[in-house]
Amino acid sequence: MGLSSPGKCCKAGGGLKIRFILIQNRAGKTRLAKWYMQFDDDEKQKLIEEVHAVVTVRDAKHTNFVEFRNFKIIYRRYAGLYFCICVDVNDNNLAYLEAIHNFVEVLNEYFHNVCELDLVFNFYKVYTVVDEMFLAGEIRETSQTKVLKQLLMLQSLE
Amino acid sequence: MPAPIRLRELIRTIRTARTQAEEREMIQKECAAIRSSFREEDNTYRCRNVAKLLYMHMLGYPAHFGQLECLKLIASQKFTDKRIGYLGAMLLLDERQDVHLLMTNCIKNDLNHSTQYVQGLALCTLGCMGSSEMCRDLAGEVEKLLKTSNSYLRKKAALCAVHVIRKVPELMEMFLPATKNLLNEKNHGVLHTSVVLLTEMCERSPDMLAHFRKVRILRLLRILGRNDDDSSEAMNDILAQVATNTETSKNVGNAILYETVLTIMDIKSESGLRVLAINILGRFLLNNDKNIRYVALTSLLKTVQTDHNAVQRHRSTIVDCLKDLDVSIKRRAMELSFALVNGNNIRGMMKELLYFLDSCEPEFKADCASGIFLAAEKYAPSKRWHIDTIMRVLTTAGSYVRDDAVPNLIQLITNSVEMHAYTVQRLYKAILGDYSQQPLVQVAAWCIGEYGDLLVSGQCEEEEPIQVTEDEVLDILESVLISNMSTSVTRGYALTAIMKLSTRFTCTVNRIKKVVSIYGSSIDVELQQRAVEYNALFKKYDHMRSALLERMPVMEKVTTNGPTEIVQTNGETEPAPLETKPPPSGPQPTSQANDLLDLLGGNDITPVIPTAPTSKPASAGGELLDLLGDINLTGAPAAAPAPASVPQISQPPFLLDGLSSQPLFNDITTGIPSITAYSKNGLKIEFTFERSNTNPSVTVITIQASNSTELDMTDFVFQAAVPKTFQLQLLSPSSSIVPAFNTGTITQVIKVLNPQKQQLRMRIKLTYNHKGSAMQDLAEVNNFPPQSWQ
């Protein structure tokens, strides 16, 4: 489901778009934390806990968008994992929702029916996937085929 | 030393830990092993060790001793080493540690590496956590990579450049030539990232706008068109095309449409386009996906002010959203509904909103009730409808209404004279079944007290009159009094209502007397006081009773801002008949007079005792207060805006006169010459004079202190004394430092009252610190010009 036409997923604007990306499980364990903004370690911990608290109480009849401090969290739940992206309040919710789904689909392809354990044991590879698709707080690559090709090449170098 | 365990092993082992303590123990053991391994400077296993360290870091354990090791990994030639090294750098290092600068050289080399993957790694790291110094050093390399033939790298370089610009805005020009080429890209991914770069540039510098006028990309358009009419026009067609051609079957299409809508809203588009945007939002509202409905409602809320009519067309859909399951959608829908209410749709909307009030979650009820009151007040088509609506709110959400709703409603009822009978009947019926909702009971009690006679006489025209006897009415009021659910305030209302009925009812006066006397020994102090006073009214002041308990007149509203506090100015007044009463014999002892005042105040509405006697428009209340003599009213809780002349201010009157709101000072050319009052040791003090327009005995002197020495004078204090026939008031100075070299002055204002028009004389005392020592001086000022005091 790559977005093929130009400019259809522009996310630019003054200032950082994505503040951080988090993957957490229901119990609150962090499976991935990618920060695009400077935070202290204890700030990071606090943010992680707050996000977990806010996101796990919501069920299917809530929307996927939560106001959080002076930001917004776009999240989606896949099995026992919550994929959260923290963005500015003025950003396009639907587009980031798409981005999350895109990312998960890539993971699924790459790990062949990905499950949480895959993410645990191969955490450094997950970071690589993130870095292929997001950079400097922006969405970098939306074409799944391209990303997968890249990842397979990288894997061959190991 | 045995080979350190593999990453997978470690992960598996840690996962078997059953308690937090066990896990911690394992981790500590492993950290110790890793530390000794690092000390051995072992290249083969460094990568593995750092990877394990990173895993432990992700679990939340400190891992900073591995930072230098990451650097070593980055410097290694093996790709796997580099990869873990850079990951470690991104996770463990940040700008605040100096260690990160050591990376700069490594990154620089890697940016020029033969393998694109290594270059990519370097760009990625730089783009995520490069500090401003690093960015400055490496901007040149990034710029070079923007022009490389490898599209993979160009994409990364573009976003890396975005980060660089964010960190060091001055470097923007450097990237300008490269970006011009980027726009002609065929590769979509590169085009996308370069648009990101461009938009970042444009947002930061308006001059760049001129270069990119022809660019046809959505988000960029929004920023460009923000305040520029020409480009907005060009965009209108494009946006319309995009809006109609995008298919919406997948969420992707919706995301694009939504972006289009946002763009249309932001730029100065023609109204047709805006209507198109709002229609798109309206279609979103019908979508099954709640996310889409949510974003639609949010955007509509933002535009309802400017495009009111267009949004009105979707009113029914919005109202349907009130029944949605998601809480945040309901809230948005409620806010939007209130924004859309107007005189035409009030009846229909109110039905929906009342239904919503019935069924919504408690967290909404208060806001919804307030909103309904506001809307009803603004657009009520008839008084009966208004009263019905408010009653409906009180019965469905009675415990959630705000406190000021009760007085508002009471005032509304009083003012609808023709509806009194209808209102009291409905209220009576409402509390007959259930008297637990306090605001409702309070209003009902008040009304029954006021209009009980209408109730029993069965005079209602609007609906079928009910047959009620006086005893039945008293029954309900007494049950309110007794009930455990009634608050103290409610009981107060009920008791006063019963009392009022003593003049309206004919056959049950004895019963009322009995009730009132029982509560004379109530534990509740408020009730007890009332009961005692009412008892007194029956006994000693029976001749006053009928007059005191007369019908309330129509109240004047001071502020009409919906459910805000209404100041009861003459709400507590008694009508004219009081004037003909004989004044009470002899001066009333203050406490009893206060009691009477309390009766009149009747804490029925808001506990306001008017503290503003004479200056209010001639109200009987004022006269009554006169009758009762000069009572000190400071004890009463006063919400009334006291005008300036409230008697208990103890300041000398002339200052009040001087403090009138009009500026005291006429224009500067008063013609009174200024004098130098003091000049010694480099300190000069000048007096300038003005006479008050309102009070000829007041002279206002402005002193200006200046310092011609080369050092500041600090802690400067000016004091003045005048002969006994004068009065002096010193206001606070502008500062306490007189700056050197006459660069500034201290100003201070003195007000002098000279009722006997004697010649003005003044003694001044100056204290300050100068050149490290404390200085003090006394002086007399005798050279006041005659115009300043005659």
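Residues numbered from 1 in each chain as written. Chains lettered and ligands numbered in written order. Predicted model: local features only at pLDDT ≥ 70, side-chain atom pairs only at ≥ 80, totals over all residues. Heavy atoms only, no water.

Asker: Give a description of the interface of chain B and chain A that names residues and reports values.
Answerer: It is common to give the size of an interface as the accessible area that goes away when the parts come together. Facing the 63 residues of chain B at the interface are 64 residues of chain A. Buried area between chain B and chain A, summed over both chains or domains, comes out near 5,900 Å², and the portion from carbon and sulfur atoms is 59%. The closest approach of N and O atoms between R166(B) and E138(A), which form a salt bridge, is 2.5 Å. Remark: the boundary between chain B and chain A carries 11 residue pairs in polar contact (both at pLDDT 80 or more). Across the side of chain B that touches chain A, the residue classes tally to 31 nonpolar, 13 polar and 19 charged. (Contact = heavy atoms within 4.5 Å. Buried area = accessible area lost by both parts, 1.4 Å probe. Salt bridge = Lys/Arg side-chain N within 4 Å of Asp/Glu carboxyl O. Polar contact = N/O pair within 3.5 Å; in protein donor to acceptor, adjacent residues only side chain to side chain. Nonpolar A, V, L, I, M, F, W, Y, C, P; charged D, E, K, R; others polar.)

Asker: Any details on the sheet that holds strand 4 (residues 713-721) of chain B? Residues and values, ideally.
Answerer: Residues and elements named next belong to chain B. Pairing within the open sheet is antiparallel, and its 3 strands lie in the order 4-7-8. Whereas interior strands pair on both sides, the edge strands pair on one side only; in this sheet they are strand 4 and strand 8 (773-781). Adjacent strand axes in the sheet meet at a mean angle of 15° when their direction is disregarded. Note: strand 4 against strand 7 (residues 762-770), 7 bridges, orientation antiparallel. When the sheet's bridge partners are listed, M713 is paired in strand 7 with H770. (Pairing = 2+ DSSP bridges. Helix = DSSP H or I, 4+ residues; strand = E, 2+ residues; numbered from the N terminus. Axes fitted to C-alpha atoms, helices over the stretch in contact; angles between N-to-C directions.)

Asker: A description of the pairing of strand 4 (residues 71-78) of chain A should follow, citing residues and the corresponding values.
Answerer: All names here are of chain A. In this sheet, strand 4 lies alongside strand 3 (residues 65-68) in antiparallel orientation, the contact comprising 4 bridges. Pairing of E67 across the sheet is with K72, part of strand 4. Adjacent in sequence and paired antiparallel, strand 3 and strand 4 are bridged by 2 residues, among which R69 carries a positive phi angle near 45°. Judged from the 7 bridges that link them, strand 4 and strand 5 (residues 81-87) form a sheet pairing that is antiparallel. Its bridge partner lying in strand 5, R76 is registered against F83. Between strand 4 and strand 5, which pair antiparallel in sequence order, lie 2 residues; one of them, A79, sits at a positive phi of approximately 50°.

Asker: Please set out the side chain of E69(B) residue by residue, giving values where relevant.
Answerer: Residue and element names in this part refer to chain B. Topologically, E69 is positioned in helix 4 (residues 67-75). A polar contact of 3.0 Å, which involves the side chain of E69, links it to the side chain of R46. Residues in contact with E69, not counting those within four places in the same chain, are F38, R46 and V50.

Asker: Provide a residue-level description of the packing of helix 15 (residues 271-285) of chain B against helix 16 (residues 290-303) of chain B, including the pertinent values.
Answerer: All names here are of chain B. Two numbers describe how helix 15 lies on helix 16: the axes approach to 8 Å, and their chain directions differ by 145°. Where helix 15 crosses over helix 16, the handedness of that crossing is left-handed. Where helix 15 approaches helix 16, its residues I278, L281, F284 and L285 are matched on the opposing element by I292, R293, A296, L297, S299, L300 and T303. Taken together, the residues of the contact of helix 15 with helix 16 sort by class into 8 nonpolar, 2 polar and 1 charged. (Left-handed = near helix turned anticlockwise from the far one by under 90°.)

Asker: Give a description of helix 5 (residues 144-156) of chain A that names residues and reports values.
Answerer: Counted at 1.5 Å a residue, the expected span for helix 5 of chain A with its 13 residues is 18 Å, and the 18 Å between its end C-alpha atoms agrees. The set of residues buried in helix 5 of chain A consists of Q144(A), V147(A), L148(A), Q150(A), L151(A) and L154(A). The buried residues of helix 5 of chain A all sit within an arc of 160° when viewed along its axis, so they share a single face. Turned more than 90 degrees away from the buried face of helix 5 of chain A sit T145(A), K149(A), L152(A) and S156(A), all of them exposed. On its buried side, helix 5 of chain A packs onto helix 2 (93-111) and helix 4 (123-133) of chain A together with helix 5 (79-92), helix 7 (116-129) and helix 9 (151-167) of chain B. (Expected span 1.5 Å × (residues − 1). Buried < 20%, exposed > 50% of the residue type's maximum accessible area, 1.4 Å probe, protein only. Arc of directions from axis to C-beta.)

Asker: For the packing of aromatic side chains, give the residues involved together with the corresponding values.
Answerer: For the structure on display, the rule yields 18 aromatic pairs over all chains. An aromatic cluster is defined as three or more aromatic residues linked by ring pairs; in this entry it consists of Y78(A), F83(A), F103(A) and F134(A). (Phe/Tyr/Trp six-rings, centres within 6.5 Å; stacked < 30°, edge-to-face > 60°.)

Asker: Quick one: what's the story with the nonpolar core, residue by residue and with numbers?
Answerer: Counting 225 residues, the largest nonpolar core has F134(A) and F175(B) as its most contacted members. Looking at this core, the element that brings in the most residues is helix 2 of chain A, giving 12 residues. Excluding anything up to four places from it in sequence, F134(A) contacts I18(A), I21(A), Y36(A), I85(A), A99(A), F103(A), I139(A) and R140(A). Residues I685(B), I701(B), I764(B) and L766(B) belong to the second largest nonpolar core, which totals 29 residues. (Core = buried A, V, L, I, M, F, W, Y, C linked by side-chain atoms within 4.5 Å.)

Asker: A description of the sheet that holds strand 5 of chain A should follow, citing residues and the corresponding values.
Answerer: All names here are of chain A. With respect to topology, 5 strands assemble into an open sheet ordered 2-1-5-4-3, the strand pairing being antiparallel. Looking at strand neighbours, the two that pair on one side only are strand 2 (30-35) and strand 3, the edges of this open sheet. Pairs of neighbouring strands in the sheet enclose a mean axial angle of 20°, with direction left out of account.

Asker: Summarise the packing of helix 19 (residues 327-340) of chain B against helix 20 (residues 346-359) of chain B; cite the residues concerned and give the values.
Answerer: Residues and elements named next belong to chain B. Remark: helix 19 packs on helix 20, axes separated minimally by 11 Å, with the N-to-C direction vectors making an angle of 150°. Taken together, the axes of helix 19 and helix 20 lie roughly antiparallel to each other. Here helix 19 runs over helix 20; the crossing is left-handed. Side by side, helix 19 and helix 20 meet where K330, M334, S337, F338 and L340 of the first sit next to M349, L353 and F356 of the second. When its residues are assigned to classes, the contact of helix 19 with helix 20 shows 6 nonpolar, 1 polar and 1 charged. (Parallel < 35°, antiparallel > 145°, perpendicular 65-115°, else oblique.)

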